[in-house]
Protein chains: 2
Amino acid sequence: MPMLAAGPLSVHELTIFFLALAVLMGVAKLLGEIVRHWGQPAVLGELLAGILLGPTVFDYLSPSFHNWLFPTEGGSAIALTGFTQLSVALLLLVAGLEVDLSSVWRQGKAALSVSLSGVLIPFAIGFGVAYMLPSLMGKDPTGEPLPFAAFIGIAMSITALPVISKVLMDLNLFKSDMGMLIMSAAMVDDLIGWMGFAFVLAMITDGGAHGANVLMNIGMTLGFAILILTVGRWILHRILPFVQAHTVWPSGVISFVLCIALLCGALTEWIGVHAIFGAFLAGVAIGDSSHLRERTRDTIHQFVMSIFVPVFFATLALHTNFIANFNLLLVLIVLVVAIIAKVVGCYLGAAIAGMSRRESLGIAFGMTARGAMEMVLADLARKAGLITDELFVAIVVMALVTSIISGPIMQYILQRKKSMKLQDLLSDKNVILNLQATTSQQAINEMAQKIAPAVSLPAEDIATTVWQREQMMHTGLPNQMAVPHGRMAGLSKPTLVLARSANGVDFDASDGKPAQLIFMLLTPQQDNGAQIELLSLIAHTFDKSQIREQVLSASNLTEIQAAINQAGSHDQH
Amino acid sequence: MPMLAAGPLSVHELTIFFLALAVLMGVAKLLGEIVRHWGQPAVLGELLAGILLGPTVFDYLSPSFHNWLFPTEGGSAIALTGFTQLSVALLLLVAGLEVDLSSVWRQGKAALSVSLSGVLIPFAIGFGVAYMLPSLMGKDPTGEPLPFAAFIGIAMSITALPVISKVLMDLNLFKSDMGMLIMSAAMVDDLIGWMGFAFVLAMITDGGAHGANVLMNIGMTLGFAILILTVGRWILHRILPFVQAHTVWPSGVISFVLCIALLCGALTEWIGVHAIFGAFLAGVAIGDSSHLRERTRDTIHQFVMSIFVPVFFATLALHTNFIANFNLLLVLIVLVVAIIAKVVGCYLGAAIAGMSRRESLGIAFGMTARGAMEMVLADLARKAGLITDELFVAIVVMALVTSIISGPIMQYILQRKKSMKLQDLLSDKNVILNLQATTSQQAINEMAQKIAPAVSLPAEDIATTVWQREQMMHTGLPNQMAVPHGRMAGLSKPTLVLARSANGVDFDASDGKPAQLIFMLLTPQQDNGAQIELLSLIAHTFDKSQIREQVLSASNLTEIQAAINQAGSHDQH
């Protein structure tokens, strides 16, 4: 008898559960971070982790080991499923928290026009194609045509709020009018899309666990949604300040939010439309309250995204063979229909609202990203028997491709530059950990020597240019920093050199102190504002004394990057 | 067929899993917060939640409903067990992260003396009593005497790091020499205690899942512990900055820490000494690295404590009847032995290290707190068949009682005052949301009127005292605040009045601006520094413009308390 069995879980099952969780989390985060470095959404890497660990690769290499680590039944499989179901409910909770209904009202007519047109037209196109040509869209011939067509319509109309907001941030558009409009429209689309999907599920669970009929299911779902978004929202808005005042902050309010989400999730699961709807609507109701602090929202977001969500996405592909079920024709059809449906719908909506052609096209492509939410939807539809594995794979691929292309296309249409990140500009080619120089001219020479090979320009030319500029007006800043700089003919892109000087070098700063952190900025002749952008990035990042101290005391480049990375992440919150 | 079944979990099981989780989390956090307001450790409330929801009360009232919500087998029971096992592993990870071996070395001889004496003497006493008089200590007559006695010895020597650190913070001793000494000694005790318990488990799982013998189990456990604390620690220390530099902060590093903890947990579970040891040692190895940022540690602590831990403690009593298994004699014996063993051990250790009598006694009672860790230990011992349900209940009660009494006794011995908290000093009796006054004298009169009934003193006397003091030197501060104050004969304790003035009242501040936040401080004639403490508390809390703005824009008292509560919690981190 296993003596350490934890109630209904045996020692072996518990070992496997922990091990499987560690492997899924580790591989998913690792690949997620790698693709993030290529500028792609993390979910791509997390999904790849599942493909790697699932039947597509790992199972193929060693089926027995795969079955040992990821069994489909037994205690560890149940425990892992419990965890992933909790994860996806929490993912939808976070998505709901990001929906800000009051900001949609503030956006007014334009947001309403883009969102309604962006949800109704894709739905109509998707529904039409799937209903008229079901076999073309990969329908299982034995299934009901109506729920299938309705599902395809909804799959075409849903958006990916997290992907869209990241694209907008990258392009420095997030807080612009266009950014707020896109975000508002995407929120409304998500709300309508998820409600629609709940109705589809309510349709097909007729005769299911509770014997309730379709109308009853839809009625209960709608009734719950209306209640939570009106009375529930009103009550939550009043309880929140009380919870925040009288509990340990922030853990009290986090538990409160999770409890409400789990209760709503249990309720909708019982109704028969899956727990994630309850969690999503609970998120919308709570997230709308002005009493929910940004830091609370952020803390919930952090831990859901770092612990729960990667595991869920990795398990998506854990028992599906992505190669065997990859039907190129189906993938292309789904992709083309998805892009056309969304672009047409949103373009028309934006044009009706009075946007220019270019703006409308930018908005339309910004909203084609489907991302993680589409995969959750497809996973549910597969489990409910609505779609085949082939269509599941096609929809997942479509969600990935639209997420990957939407940013670059939008960037091209709007001709925006991506914002620079300081830590990406530093490498061992342009960082001097211990500057030898004792005068500003020596410092500029030494830094020019360092960077010359990387930019294929003579060190003397660089030093001369920067020194001439330095003599015109010294570049010492307060806080023991200096920013010598110059424009160089023949330079292909903005370039940075960072040097640390333990004793400091006098750059004639207004506070009279010598510079310990020296940044040399080189920009092309046609610099298009790059110099100013770099300068403000440096000033902003090193504004905090804590960050300066960490960079000064770091023992290698990696620690410097870590400190700057942290400074940047503080910033986004 | 349930169509929304999530793999091996049916709709019903998933509904019950979510519902049970929500109920456990909600009730545990609610009762935890309530007992915290009485100054007691939250774990007391969380345990009470389990007693309320378990066979002791809820099952008694409605067995069928209890069995429906908390079944002992089936999918939802397995999913919930998976969650609680993960929770307790994460709790031990957090406990491990708090162990700072390098600070123990810095404390030197005194810490070593207190910790060794504080672990060896309680172990010897516990082991001796349990081995000589097993029936007195509630031993099941059929069990092996040696592992039982060893377990009791370890149960006597373990400490409760979180309880101790909270007591020290409450008494403003945390950063004192004595506080650091107690913390270091408690860390060493925990490390030795958990290793010892691992050996006990290794002893009894002989012939268990892997057929390995006792020596093999102990050897593997020891080998793993040595490896992770030397080579593992060295490697983790080098990998951490890399992870922090190249992943999204802080989610990347959180996932990394959890992954390592889960892998180590799976390994020790496989060895046969339960997953929590691996998680604990992983925590010690990682927590020791100077590269682990305070905010990362804090974020992990927050989410583990708010989401996972309350559910675990609530489930402790979920299937145990605390009334039927409450044996008063056994409870008293365990309690007396536990207190005597720890007090004698730590007192001797402190006296040997050269502490005064009073200090030694203070340290000794500070370290008697057993808290949550003891309950985890008792739960494991019960599941391993080492102890009976009666002894389990007795140990849990002992852990609670020692945690509750250690603070007050230590406070009495050292004659320390508890530090004040601003939000606890504010109520509707002493807050004026909209001050009518336009001059400082009117303001003082109005505030004196407000507080007079609560302190049973005439309003005129208060106003006269404070106004006389005000005329000697004006109490306006920068940032539009003022702190009129005075000492009052006949006042029983320090008292505060807060008034908000929309237009401001001139208190002759150095920056010339009128005060919008006015704090009137009344202290007894013998104030023992209360005035200065209150003044610094106010200055510290309202140092941030964000907090001032939140308090000024709050629409009621609860929102003011929420803002101040948040300011205070920022502070502890």
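Bear in mind the structure is a predicted one, so any value in this text is a computation, not a measurement.

## Digging into the domain arrangement of chain A
Now for step 1: Here chain A is described as being made up of domain 1 (75-414) and domain 2 (422-572).
Now for step 2: Relative placement of domain 1 of chain A and domain 2 of chain A: their C-alpha centres are 44 Å apart.

## Some words on helix H17 (residues 371-383) of chain B
Each α-helix winds once per 3.6 residues, and so residues spaced three or four apart point in a common direction.
Residue and element names in this part refer to chain B.
Now for step 1: For H17, with 13 residues, the first-to-last C-alpha span of 19 Å sits near the 18 Å given by 1.5 Å per residue.
Now for step 2: Buried residues dominate H17, accounting for 11 of its 13 residues.
Now for step 3: Of all the positions in H17, only Gly371, Ala372, Met373, Glu374, Met375, Val376, Leu377, Ala378, Asp379, Leu380 and Ala381 are classed as buried.
Now for step 4: Glycine 385 lies just past H17 and shows a positive phi near 80°.

## Observations concerning the interface of chain A and chain B
Now for step 1: Counting residues at the interface gives 76 residues for chain A and 76 residues for chain B.
Now for step 2: Counting residues per element, the ones that place at least two in the side of chain A that touches chain B are helix H1 (11-37), helix H5 (75-98), helix H10 (177-204), helix H11 (214-246), helix H12 (251-271), helix H14 (294-316) and helix H24 (557-572) of chain A.
Now for step 3: With 14 residues, H1 of chain A is the single largest residue contributor to the side of chain A that touches chain B.
Now for step 4: For the side of chain A that touches chain B, the class distribution of residues is 41 nonpolar, 28 polar and seven charged.

## A word on the relation of the copies chain A and chain B
Now for step 1: Superposing chain A onto chain B takes a rotation of 180° combined with a translation of 0.0 Å along the rotation axis, leaving an RMSD of 0.1 Å. Interpreted geometrically, this transformation is the action of a two-fold axis. Across chain A, the rotation axis passes nearest the C-alpha of alanine 79 of chain A, at a separation of 2.2 Å.
Now for step 2: Looking at chain A, 100% of its interface residues are interface residues in chain B too, so the copies touch through the same face.

## As for the confidence of the model for chain A
All names here are of chain A.
Now for step 1: The predicted model of chain A has a mean per-residue pLDDT of 85, with 95% of residues at 70 or higher.
Now for step 2: Confidence over residues 207-211 falls short of pLDDT 50; this stretch has eight contacts with residues more than four positions distant or in other chains.
Now for step 3: Long-range and interchain partners of residues 569-573, a stretch whose pLDDT sits below 50, account for two contacts in this model, where long-range means more than four residues apart.

What counts as what
- Residues numbered from 1 in each chain as written.
- Chains lettered and ligands numbered in written order.
- Predicted model: local features only at pLDDT ≥ 70, side-chain atom pairs only at ≥ 80, totals over all residues.
- Domains from an automatic or database assignment.
- Helix = DSSP H or I, 4+ residues; strand = E, 2+ residues; numbered from the N terminus.
- Expected span 1.5 Å × (residues − 1).
- Buried ≥ 20, exposed ≤ 12 C-beta atoms within 10 Å, placed from the backbone.
- Contact = placed C-beta atoms within 7 Å.
- Nonpolar A, V, L, I, M, F, W, Y, C, P; charged D, E, K, R; others polar.
- Least-squares fit on C-alpha atoms with pLDDT ≥ 70 in both.
- pLDDT = per-residue confidence, 0-100.

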